[in-house]
Amino acid sequence: MSVRVGLLSIAFCGCAGMIDGVEKGGPDAGAGQIAVEVLEPAEGANLRRDYLTAEGNWVARVTFRARAEGAASVDWLVDGSPRGSSAPPDFALETEIASDGTRALEAVARDADGRELGRASSSFGVTAPPGAASCLDTLRALGVGFTEGPAAVGVATPVTIRMPLNGIQYHSSSLTAAPRATWFMDCELAVAMWKMGDSFRAAGVTDAWDYGIYNYRCIDQTVSPPACPGSSLSMHAYAKAVDIAGVMIADGSTYSVNDDWVIDTVPSGGNACTVTPAATPKNQFLHALACGLYHDHVYNIILTPNFNAAHRNHFHMDLTDGSWLLHKPAEQGMDIVGHEDD
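Predicted model, so just to flag it, every value in this text is computed and none were measured.

1. Details of the sheet that holds strand E11 (residues 116-127)
Within a beta sheet, neighbouring strands are joined by backbone hydrogen bonds and run either parallel or antiparallel to one another.
So, point 1. In space, the 5 strands of this open sheet follow the order E4-E11-E10-E7-E8, with mixed pairing throughout. The open sheet has two edge strands with one neighbour each: strand E4 (46-48) and strand E8 (81-86). The mean angle between the axes of side-by-side strands here comes to 30°, regardless of whether they run parallel or antiparallel.

Following this line, the structure appears as structure tokens:
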């Protein structure tokens, strides 16, 4: 996932303390050792868990930095547990903290052979996320611009999102269309699409074109809602499904589901994410994109072009309750790997 600036500012304070005669957060050097100083986070900083991961966890995203002249690397420990190693010049390390409370931080400088050259200690606090009690609260905490409504049949929590959403521009039907300025959907889909933005941006995606969200209809479009005889309401009727037809990355390259996805041959018990996709770069890119969303459980159901002819030109992604499925070709049956996320 790409790095996202925290929604709430990290509060820094210049309150340096002393531990066993050593200035917390400042240079810490013994005889024959180098001075090591924790630069970030500042001693006593308070970090809020204001970032929602694809798995649905609120975390604080924090960057550690240190000064350790002459060191080849710095090992970082939080509450005594290793968080990773970093390199000069500022020994920056990005990590996520998922629990609240005061955290003890150590920076251990080492030479090229791994010998310790010195260390510094500091501490910072982590606090609970800002009022994520409801879906609307979650959108507010994520910093998503939206208005509630308008009311629409089938939609439990209607919202109109101000675009772009988590850095991604969306275009109706084609990239030649102007980017959407707003988009109507259910609040739960807005949160899922915000998570999808992380996956898209990590893959270099800047824009996507789509075939829409809300459409009050039955899955079998030859019958009419609300009864849907012999069928059932589509998740589009609840504004909890989105159809993505393709994406564009920063260099202008485009990836069309209709043109670039190669239908997979899937053995029994497999799916599009358990086989090796045809070795064309655009096909592999689209498979990686869809499978990343599947493995991160951003959506409950993902239909790829493998499913049937009606889905040849887009990914259908929805939030069907109680499901976690990635469909393979209809003639080969439904995937058996889908299950409730543990």
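2. Some details on empty space enclosed by the protein
So, point 1. Following the criterion strictly, the structure yields 1 cavity of 30 Å³ or more and no others.
So, point 2. Empty space within the largest cavity amounts to approximately 30 Å³.
So, point 3. Of all elements in the fold, only helix H4 (281-295) and strand E20 (315-318) reach the threshold of two or more residues within the lining of the largest cavity.
So, point 4. In terms of residue count, the dominant contributor to the lining of the largest cavity is H4 (3 residues).
So, point 5. Per-class residue counts for the lining of the largest cavity are 7 nonpolar, no polar and no charged.

3. Thoughts on the pairing of strand E6 (residues 58-67)
So, point 1. The buried count for E6 comes to 7 of 10 residues, which makes it a mostly enclosed element.
So, point 2. Strand direction decides the pairing type here: strand E3 (residues 37-40) and E6, joined by 3 bridges, are antiparallel. Across the sheet, the residue bridging to glutamate 37 is arginine 67, located in E6.
So, point 3. With 2 bridges connecting them, strand E5 (residues 51-52) and E6 associate as antiparallel partners. In the sheet register, tyrosine 51 faces E6, and the bridge partner there is valine 59.

4. Description of the packing of aromatic side chains
So, point 1. Tallied over the entire structure, the rule returns 7 aromatic pairs.
So, point 2. Judged by centre distance (5.3 Å) and plane angle (50°), the rings of tyrosine 170 and tryptophan 183 are tilted. Taken together, the residues span a long stretch of sequence, with tyrosine 170 in strand E14 (residues 169-172) and tryptophan 183 in strand E15 (residues 182-186) at a distance of 13 residues.
So, point 3. By way of ring pairs, the aromatic residues Phe64, Trp76 and Phe124 are connected into one cluster.
So, point 4. The residue whose ring lies beneath arginine 61 is tyrosine 51, and the NZ or CZ to ring-centre distance is 3.7 Å.
So, point 5. In this structure, lysine 282 is placed above the aromatic ring of tyrosine 255, and the distance from its NZ or CZ to the ring centre is 5.6 Å.

5. Quick notes on the sheet that holds strand E13 (residues 158-162)
So, point 1. Reading across the sheet, the 3 strands line up as E12-E13-E15 and stay open at both edges, with antiparallel pairing between neighbours. Edge positions in the open sheet fall to strand E12 (146-148) and E15, since each of these has one partner strand only. Strand-to-strand twist of the sheet, defined as the mean angle between neighbouring strand axes without regard to direction, takes the value 25°.
So, point 2. Where helix H1 (residues 135-142) meets the sheet, its contacts fall on E12 and E13, and the angle it forms with E12 comes to roughly 160°.
So, point 3. Helix H2 (residues 187-202) contacts E13 and E15 of the sheet and is inclined by roughly 115° relative to E15.

6. Some details on the state of the cysteines
By definition, a disulfide links two cysteine residues through a covalent bond between their sulfur atoms.
So, point 1. Scanning the entire structure with this criterion turns up 3 disulfides.
So, point 2. What pairs with cysteine 135 in a disulfide is cysteine 187, and their sulfur atoms sit 2.0 Å apart. The disulfide joining cysteine 135 to cysteine 187 has a torsion of about -105° about its S-S bond and is therefore left-handed. One end of the pair, cysteine 135, is in helix H1; the other, cysteine 187, is in helix H2, with 52 residues separating them in the sequence.
So, point 3. Owing to a relative accessible area of 22%, cysteine 135 belongs among the partly exposed residues under this scheme.
So, point 4. Cysteine 187 sits in the buried class, given a relative accessible area of 0%.
So, point 5. The disulfide that involves cysteine 218 links it to cysteine 228, with 2.0 Å between the sulfurs. Disulfide cysteine 218-cysteine 228: the torsion about the S-S bond is -90°, which places it as left-handed. Residue cysteine 218 is located in the loop between strand E16 (205-210) and strand E17 (241-249), and its partner cysteine 228 is located in the loop between E16 and E17; the two are separated by 10 residues in the primary sequence.
So, point 6. Residue cysteine 228 is classed as buried on the basis of its relative accessible area of 2%.

7. What about the pattern of salt bridges?
Opposite charge on two side chains allows them to pair when their charged atoms are near.
So, point 1. Applying the stated rule across the entire model yields 16 salt bridges.
So, point 2. Two residues, arginine 115 and aspartate 113, come together in a salt bridge whose shortest N-O distance is 3.3 Å. Each member of the pair, arginine 115 as well as aspartate 113, carries the same accessibility label: exposed.
So, point 3. A single salt-bridge network, built from bridges that share partners, covers Glu40, Arg65 and Asp90.

8. Regarding the confidence of the model for the chain
So, point 1. On average, residues of the chain score 85 in pLDDT, and 84% of them are at 70 or above.
So, point 2. Low confidence marks residues 1-25, where pLDDT is under 50. Its contacts with residues over four positions away, or in another chain, come to 61 contacts.
So, point 3. Overall, residues 329-342 carries pLDDT values under 50, and its contacts beyond four positions in sequence, including any with other chains, amount to 28 contacts.

9. Observations regarding H4
So, point 1. In this model, H4 (15 residues) spans 21 Å end to end at C-alpha, consistent with the 21 Å of a helix rising 1.5 Å per residue.
So, point 2. For H4, the set of buried residues is Asn283, Phe285, Leu286, His287, Leu289, Ala290, Cys291, Leu293 and Tyr294.
So, point 3. Histidine 297 sits one or two positions beyond H4 and adopts a positive phi of about 55°.

Cut-off values and rules
Residues numbered from 1 in each chain as written. Predicted model: local features only at pLDDT ≥ 70, side-chain atom pairs only at ≥ 80, totals over all residues. Heavy atoms only, no water. Pairing = 2+ DSSP bridges. Helix = DSSP H or I, 4+ residues; strand = E, 2+ residues; numbered from the N terminus. Axes fitted to C-alpha atoms, helices over the stretch in contact; angles between N-to-C directions. 1 Å grid on protein atoms, 1.4 Å probe; cavity = no way out; pocket = protein on both sides within 12 Å on 5 of 7 lines; lining within 4 Å. Points joined across faces, edges and corners; volume = space filled by probe spheres on them. Nonpolar A, V, L, I, M, F, W, Y, C, P; charged D, E, K, R; others polar. Buried < 20%, exposed > 50% of the residue type's maximum accessible area, 1.4 Å probe, protein only. Phe/Tyr/Trp six-rings, centres within 6.5 Å; stacked < 30°, edge-to-face > 60°. Lys NZ or Arg CZ within 6 Å of the ring centre and 35° of its normal. Contact = heavy atoms within 4.5 Å. Disulfide = S-S within 2.5 Å. Salt bridge = Lys/Arg side-chain N within 4 Å of Asp/Glu carboxyl O. pLDDT = per-residue confidence, 0-100. Expected span 1.5 Å × (residues − 1).

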